[in-house]
Amino acid sequence: MPKKRKKNTKKPLQKTNAFFKNRQTQFVLSVLIMLIALLLLFAFISFFKTWQTDQSILTEIAKPQTNAKNWLGKIGATISDIFLLKGFGIGSFVLPVLLFFTGLYILLQVSLKKMRKPWFFGILGMIWMALFFGFIKLSNPLFAGTVGFELDRFLDSYIGKPGILALLFVSLLSYVVIRFGLTPESISKLFPKRNKNKNQEVESSIIDAIKEELPLEIYSHKEEIIADQTTATKIPKEKIISEEEIEIDVKKVVDEKHETENLSDRLLADFGEFDPKLELSNYRFPTLDMLKDYHESIAVNSEELQQNKDKIVNTLKNYKIGISHIKATVGPTVTLYEIIPQAGIRISKIKNLEDDIALSLSALGIRIIAPIPGKGTIGIEVPNKNPTIVSMRSVISSAKFQNSEMELPIAFGKTISNETFVVDLAKMPHLLMAGATGQGKSVGLNAVLASLLYKKHPAEVKFVLVDPKKVELTLYNKIERHYLAKLPDTEESIITDITKVVDTLNSLCIEMDSRYDLLKIAYVRTIKEYNKKFKDRKLNPENGHRFLPYIVLVIDEFADLIMTAGKEIETPIARLAQLARAIGIHLIVATQRPSVNVITGIIKANFPARIAFRVTSKIDSRTILDGPGADQLIGKGDMLYSGRSELIRLQCAFVDTPEIEKITSFIGAQRAYPEAYQLPEYSGEEVGNNFNIDIDDRDKLFKDAAYVIVRAQQGSASLLQRKLKLGYNRAGRIIDQLEAAGIVGNFEGSKARQVLIPDEISLKQFFDNEQNNL
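Residues numbered from 1 in each chain as written. Predicted model: local features only at pLDDT ≥ 70, side-chain atom pairs only at ≥ 80, totals over all residues. Heavy atoms only, no water.

Draft legend 1. Region of the structure containing the overall build of the protein. Per the secondary structure count, the protein includes 28 helices and 15 strands. Counting only residues that meet the buried cut, the protein has 44% of its 774 residues in that class. A total of about 42,800 Å² of accessible surface is found on the protein, and carbon and sulfur atoms cover 56% of it. (Helix = DSSP H or I, 4+ residues; strand = E, 2+ residues; numbered from the N terminus. Buried < 20%, exposed > 50% of the residue type's maximum accessible area, 1.4 Å probe, protein only. Areas by Shrake-Rupley, 256 points an atom, 1.4 Å probe, with all protein chains shown as cover.)

Now the structure itself:
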């Protein structure tokens, strides 16, 4: 007899358990759950924007020609409608969060029992939020959902509005108590301790802030004094301060700080915010009628558009490339033709036909964008036969520029879609411009300067203008005492001499370091925060604080400077580009030769925003833009703007020399400051050599300065400026004297000088020995 097969005694439940305990199954399942959670989240977010549009098509969702606006299409719209509109409203966002963490727990092999409580409280939270938003009745139905409105209506009929409010409050309080295990005793214990800790933290932070300002040596470590008996015996008795005295001094200083804060509040209440524009309160901005109106209007030649469309389609058809759709967007200089190729066509094949399309259209400057970012189409830019001038007046008068809240708004021109293009120089934070001679680079610089002159008061921005060609920026001499910044004791406000350029750049580095010191002691991170604090009268001018205007450095021909001065120019430019953003110094560098020996890797790395006018070769285009395109422009202000990974084609606004002359003459004729904004003095001798300075020639504050430097262990002129209320020149001379005496080390660029004497006792011995040797 044949043997009977043994029955499989393994229960189905055991098979299921084994299946789900398999690590591969867990991995796939966890990834699937987390992916569903993310897709659900995207669908919900999208539904908030598209629900009104998608709501009208949900009844016809099965029809193939119906398209939903939801990011997840028809399925996303349907699911979102079920959960958000017909379900629990905004509380439904809890669901994808719970799903995501469930998948994560499976992936990390954490017991799913730990997810029971989150799911329980999550579902209760969904119901609570639905009822809450149904109770307050917002105009958007997605907040409460149908469940929220119906639940509110049901409870309202039984317990009324006060009852619902009480129910919401009690349920929320119950959750907090249960979730965090709170009791009346534990709550009462929190408050005194918390307040005490908070007061201790405030007192500690204030003590740290004023350590340098205490007149007594109360912060010496008691342990160190005891450990070093030899040193301790040398300390005079009056220098050793008891802990009681330390506590008294700390409380005194804390009280003084509170008084200072109260004083700033009183000043703000009595006098209002500090107004940096007050000195030139009657200053008037240039008017629009100073700019020429070209009455530009884009004339759409439908015949030209149709001919170009046909030529593009036929040219691509010759190469067996079918087009399913084509449309045109007419700009002031260029028309963008967007095409959608038939399925199966490789984009690179169309890209390689750039020259053939240009030949068929008999046009210069054809540029193919394959694909257009974010659109899913291929763009072909074709120059118009009759380009339109974009006037500076049209972009300055636009609502986008006039209503701009940017710190340093610049209206460059108009895009292909004829929209005014406005960017914030403060966020760029530096701009690199390049283009061959006569392609619009100087006009672009004038557009930048004109934008700022029309928007910013002389108290808010200053220009440092470098013009090696000596003719491009001379018109701005008229606004020297309003808007320009320069070195002390220099006649020319427009810098043309190479030596002066090097000195000015290094002076800006000194100004940058000085501003960072001010930000440091003001406990802020940016110039915007600092000026806000200064306007609120929270910073004392007697401590060196002042309102800081933005400084815009404009260099017209960078290549000439690099060829002449090389590293002397590149090093401070690189320093400013790397560090100057936060303290309001911004660079605009222009060159007509964008070669790699001019625009080096260091320069490119720190100039994320770039503008390219027409250049002569693809190599130059890649140097400035990291890609081709600038060699295919048509000139006369046609440009490409690259910023934050986007490349935008613009027609630069045209502003002529007579217009700039009118603007500068109008500003120059008004009441001005006594002199141009003074940059810190810089001398090439500041590199610091060991030279002898006679003791009798030392400054009267030499000893005081030495004690300040040794106490702070920081050898910088800006520290002496703040502590001794000195000007920069005098502070710099004292630093040189301290170096000659051997108290501080040599000049080390941006770093503070090394302090060679460790403490005040050693400094006193130094002066005693010096006196004995006389």
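Past the structure itself, the notes keep going.
Draft legend 2. View of the nonpolar core. The biggest cluster of nonpolar side chains holds 112 residues, and the ones touching the most others in it are F412, F463, L553, I569 and I573. Counting residues per element, this core draws most heavily on helix α18 (residues 498–522), at 9 residues. Once residues lying within four places of it in the same chain are set aside, the contact partners of F463 are L449, L452, L453, Y483, L484, A485 and V552. Core analysis: the next-biggest nonpolar cluster, separate from the first, contains 25 residues, A706, V708, I709 and A717 among them. (Core = buried A, V, L, I, M, F, W, Y, C linked by side-chain atoms within 4.5 Å. Contact = heavy atoms within 4.5 Å.)

Draft legend 3. Geometry of the side chain of E760. Along the chain, E760 falls in helix α28 (residues 760–772). A distance of 3.3 Å separates polar atoms of two side chains, one belonging to E760 and the other to R711. (Polar contact = N/O pair within 3.5 Å; in protein donor to acceptor, adjacent residues only side chain to side chain.)

Draft legend 4. Representation of α18. Between the first and last C-alpha of α18 there are 36 Å, a value that for 25 residues agrees with the 36 Å anticipated at 1.5 Å per step. Capping of α18 at its N-terminal end is provided by D497; its side-chain oxygen lies 3.1 Å from the backbone amide nitrogen of T499. One or two positions beyond α18, positive phi appears at Y523, with a value near 60 degrees. (Expected span 1.5 Å × (residues − 1).)

Draft legend 5. Spotlight on helix α6 (residues 145–180). The end-to-end C-alpha separation of α6 is 29 Å, well short of the 52 Å expected for 36 residues at 1.5 Å each. At I159, α6 shows its maximal kink, close to 110 degrees; a proline, P162, follows between one and four residues later. Of the residues trailing α6, G181 is marked for its positive phi of about 60 degrees. (Bend = angle between axes of the 7 residues up to and from the residue.)

Draft legend 6. Broad picture of the sheet that holds strand β6 (residues 420–424). Read from one edge of the open sheet, 9 strands run β6-β5-β14-β13-β12-β7-β11-β10-β8, paired in mixed fashion. Because the sheet does not close on itself, it has two edges, and the strands there are β6 and β8 (461–466). Going from strand to strand, the sheet's axes swing by 25 degrees on average, the running direction of each strand aside. Pairing analysis gives 4 bridges linking strand β7 (residues 431–434) to strand β12 (residues 609–612), with the strands arranged parallel. Bridge pairing in β12 links L432 to R610. Across the face of the sheet, α18 comes into contact with β8, β10 (550–555) and β11 (585–591) while running at roughly 155 degrees to β10. (Pairing = 2+ DSSP bridges. Axes fitted to C-alpha atoms, helices over the stretch in contact; angles between N-to-C directions.)

Draft legend 7. Structural context of the side chain of D536. Position of D536 relative to the elements: it lies in the loop between α19 (527–535) and β10. Owing to a relative accessible area of 10%, D536 belongs among the buried residues under this scheme. Within the structure, D536 has its side chain in polar contact with the side chain of K532 (distance 2.6 Å).

Draft legend 8. Just unusual backbone geometry, in detail. Following M428, the chain continues to P429 via a peptide bond in cis, the omega torsion being 0 degrees. Assignment of secondary structure puts P429 in the loop between β6 and β7. Phi at K320 is positive, roughly 60 degrees, even though this residue is not glycine. Structurally, the position occupied by K320 is in the loop between α11 (302–318) and β1 (323–330). In the Ramachandran plot, Q713 falls in the positive-phi region, its phi being about 55 degrees despite a non-glycine side chain. Following the sequence through the fold, Q713 ends up in the loop between α25 (702–712) and α26 (717–724).

Draft legend 9. How the structure looks around the packing of aromatic side chains. What the rule picks out here adds up to 21 aromatic pairs. Taking the centre distance of 5.6 Å and the plane angle of 75 degrees together, the rings of F44 and F93 count as edge-to-face. With F44 in helix α2 (residues 23–55) and F93 in the loop between α3 (73–85) and α4 (94–107), this pair connects stretches of sequence that are 49 residues apart. Neither F44 nor F93 differs from the other in exposure class; each is buried. An angle of 75 degrees between the planes, with centres 6.3 Å apart, marks the rings of Y283 and Y483 as edge-to-face. With Y283 in the loop between α10 (243–271) and α11 and Y483 in helix α17 (residues 480–483), this residue pair connects regions lying 200 residues apart in the sequence. In textbook terms, an aromatic cluster arises when at least three aromatic residues are bridged by ring pairs, as seen for F44, F48, F83, F93, W128, F132, F133 and F143. A cation sits over an aromatic face here: K703 above F767, 5.0 Å from the ring centre. (Phe/Tyr/Trp six-rings, centres within 6.5 Å; stacked < 30°, edge-to-face > 60°. Lys NZ or Arg CZ within 6 Å of the ring centre and 35° of its normal.)

Draft legend 10. Region of the structure containing the environment of E646. Structurally, E646 is set in strand β14 (residues 646–652). Take E646: its relative accessible area is 40%, and that puts it in the partly exposed class.

Draft legend 11. Spotlight on a nonpolar patch on the surface. On the surface, a nonpolar cluster with roughly 610 Å² of combined accessible area is contributed by L35, L38, L39, F42, I45, W71 and L72. Residue L72 is classed as partly exposed on the basis of its relative accessible area of 31%. (Patch = residues over 30% accessible without salt bridge, like charges linked within 9 Å, V, L, I, M, F, W, Y side chains within 5 Å. Salt bridge = Lys/Arg side-chain N within 4 Å of Asp/Glu carboxyl O.)

Draft legend 12. Main features of the packing of α11 against helix α13 (residues 354–361). Contact pair α11 / α13: the axes reach a minimum separation of 10 Å and the direction vectors enclose 135 degrees. With respect to α13, the element α11 is oriented oblique. The two elements α11 and α13 meet at a crossing, and its hand is right-handed. Here N308, K311, I312, T315 and L316 of α11 come into contact with α13, specifically with D356, I357, S360 and L361. Across the contact of α11 with α13, the residue classes break down as 4 nonpolar, 3 polar and 2 charged. (Parallel < 35°, antiparallel > 145°, perpendicular 65-115°, else oblique. Left-handed = near helix turned anticlockwise from the far one by under 90°. Nonpolar A, V, L, I, M, F, W, Y, C, P; charged D, E, K, R; others polar.)

Draft legend 13. Quick peek at the environment of G637. Structurally, G637 is set in the loop between α23 (618–625) and β13 (638–643). Aside from chain neighbours lying at most four places away, what touches G637 is Q439, G440, F613, L650, Q651 and C652.

Draft legend 14. Inspection of the packing of α25 against helix α27 (residues 728–741) at higher detail. Running from amino to carboxyl end, α25 crosses α27 at an angle of 80 degrees, the nearest separation of the two axes being 10 Å. When the axis of α25 is compared with that of α27, the two are roughly perpendicular. Two secondary-structure elements touch here, α25 through F702, A705, A706 and I709 and α27 through I734, I735, Q737, L738 and A741. A breakdown of the residues in the contact of α25 with α27 according to their chemical character gives 8 nonpolar, 1 polar and no charged.

Draft legend 15. Focus on the sheet that holds strand β2 (residues 334–341). Strand order across the open sheet formed by 4 strands is β1-β2-β4-β3, with antiparallel pairing between neighbours. Edge positions in the open sheet fall to β1 and β3 (367–369), since each of these has one partner strand only. Adjacent strand axes in the sheet meet at a mean angle of 20 degrees when their direction is disregarded. Where β3 meets strand β4 (residues 378–383), 3 bridges bridge the pair, whose relative direction is antiparallel. If you follow I369 over to β4, its bridge partner there is G379.

Draft legend 16. Spatial organisation of the pattern of salt bridges. Scanning all chains against the criterion turns up 28 salt bridges. The salt bridge involving D626 is made with K604; its shortest N-O contact spans 2.7 Å. Note that D626 is positioned in the loop between α23 and β13 and K604 in helix α22 (residues 601–605), a separation of 22 residues in sequence. Looking at D626, the relative accessible area reads 53%, which means it is exposed.

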